[in-house]
Amino acid sequence: MINKSLLIRNLMVLRSNYINYIILILVVPMLMYLFNIIPYLGETSKIWSSVGLWISSCSICSYIYMYQNMKSYTLGKKDFILNSPISFVSILLSNVIVCIFLLFVQFLFSYAFTLLINNAVLSILDCILLFINIIPIALLFMTMAMFFSLFDKLNLGLFICAILCLSIIQFFSSYTSFKDIYYEYIPLVGILLNCASIFNNNTIHFSSLFLMYLIAISLLLISLVFISKIMESQNER
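Residues numbered from 1 in each chain as written. Predicted model: local features only at pLDDT ≥ 70, side-chain atom pairs only at ≥ 80, totals over all residues. Heavy atoms only, no water.

**A short note on the packing of helix H5 (residues 124-151) against helix H6 (residues 156-173)**
Argument step 1. Where H5 contacts H6, the two axes come as close as 10 Å, and the packing angle between them is 160 degrees. Taken together, H5 and H6 sit at an angle that is classed as roughly antiparallel. Like other packed secondary-structure pairs, H5 and H6 cross with a definite hand, here right-handed. Counted together, Phe 141, Met 144 and Phe 148 of H5 and Gly 157, Ile 160, Cys 161, Leu 164 and Cys 165 of H6 form the full contact between these two elements.
Argument step 2. Tallied by class, the residues present in the contact of H5 with H6 amount to 7 nonpolar, 1 polar and no charged. (Axes fitted to C-alpha atoms, helices over the stretch in contact; angles between N-to-C directions. Helix = DSSP H or I, 4+ residues; strand = E, 2+ residues; numbered from the N terminus. Parallel < 35°, antiparallel > 145°, perpendicular 65-115°, else oblique. Left-handed = near helix turned anticlockwise from the far one by under 90°. Contact = heavy atoms within 4.5 Å. Nonpolar A, V, L, I, M, F, W, Y, C, P; charged D, E, K, R; others polar.)

The following block contains the structure:
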């Protein structure tokens, strides 16, 4: 069960660092568009790459927030939150909830940015459907961030995530070549094509969406339990 005080605390931390996150939300889609879309693509590909930009911006934002927040916990030291009677799973899960709120803000800005640049317009319903399809991808990046925060001292995970996000943009830049591929047993590809279908006013495959949510939530729950055990063992020393 989520502790409301934890949510309030995480929101206050987010508020106290709002300048950093505003810069993050503004800069990430601009940099991706500047270095990965403008130099290489034609006008049609630039419009299709907007979909990849929305997904990638949310994913990177989710990774950075979760990684930095996990790093802020002083494992093994007398940290107030970690030494409180609140369970470690609740602490981690509250960060996930705040992170979803942050990626929603990132999605809105990324959409507004591409609307201004490429006139890529979606209806309110399509925006909601697109965000629902983006969430499980972001959950995978949150899971990666939690593991990397414990084991990656050089923050190589951010480099890996950046490569994955740039690959997503390139995938959508060549969407017309991939739209008819056989993907029923590849949920990640299916959900990417769902996002493209929403953008193209086509029907989406809910089976891919369901499988992706199942995979993402399962991996997230496993990582929450596993990492909470590590945090608990280290904090008891």
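Once you've had a look at it, read on.
**Digging into the side chain of Ser 59**
Argument step 1. Relative to the helices and strands, Ser 59 is located in helix H3 (residues 43-71).
Argument step 2. The exposure class of Ser 59 is buried, given its relative accessible area of 0%.
Argument step 3. Excluding anything up to four places from it in sequence, Ser 59 contacts Ile 137, Phe 141 and Cys 165. (Buried < 20%, exposed > 50% of the residue type's maximum accessible area, 1.4 Å probe, protein only.)

**Observations regarding the packing of aromatic side chains**
Argument step 1. Under the criterion given, the structure shown has 10 aromatic pairs.
Argument step 2. Measuring from ring centre to ring centre gives 6.5 Å for Trp 54 and Phe 107, while their planes differ by 75 degrees; the resulting arrangement is edge-to-face. With Trp 54 in helix H3 and Phe 107 in helix H4 (residues 88-118), the pair connects residues that are 53 residues apart, well separated along the chain. Exposure class is identical for Trp 54 and Phe 107. Each is buried.
Argument step 3. Between Tyr 63 and Tyr 67 the ring centres are 5.8 Å apart and the planes differ by 15 degrees, which places this aromatic pair in the stacked class. Of the two residues, Tyr 63 and Tyr 67 both sit in helix H3, 4 residues apart, roughly one turn of that helix.
Argument step 4. Ring-pair connections join several aromatic residues into one group, and the members of that group are Trp 54, Phe 104, Phe 107, Tyr 111, Phe 131 and Phe 199. (Phe/Tyr/Trp six-rings, centres within 6.5 Å; stacked < 30°, edge-to-face > 60°.)

**Re H5**
Argument step 1. Relative to the 40 Å expected for 28 residues at 1.5 Å per residue, H5 spans 40 Å between its end C-alpha atoms, a close match to the ideal helical length.
Argument step 2. Residue Ile 135 marks the point of greatest curvature in H5, where the axis turns by about 25 degrees; the proline Pro 136 follows within four residues. (Expected span 1.5 Å × (residues − 1). Bend = angle between axes of the 7 residues up to and from the residue.)

**Structural notes on the nonpolar core**
The nonpolar side chains of soluble globular proteins are, as a tendency, buried together.
Argument step 1. Counting 68 residues, the largest nonpolar core has Trp 54, Ile 55 and Phe 172 as the members making the most contacts within it.
Argument step 2. Elements with a contribution of two residues or more to this core: helix H2 (18-36), H3, H4, H5, H6, helix H8 (187-199) and helix H9 (206-235). (Core = buried A, V, L, I, M, F, W, Y, C linked by side-chain atoms within 4.5 Å.)

Structural measurements only, silent on function.
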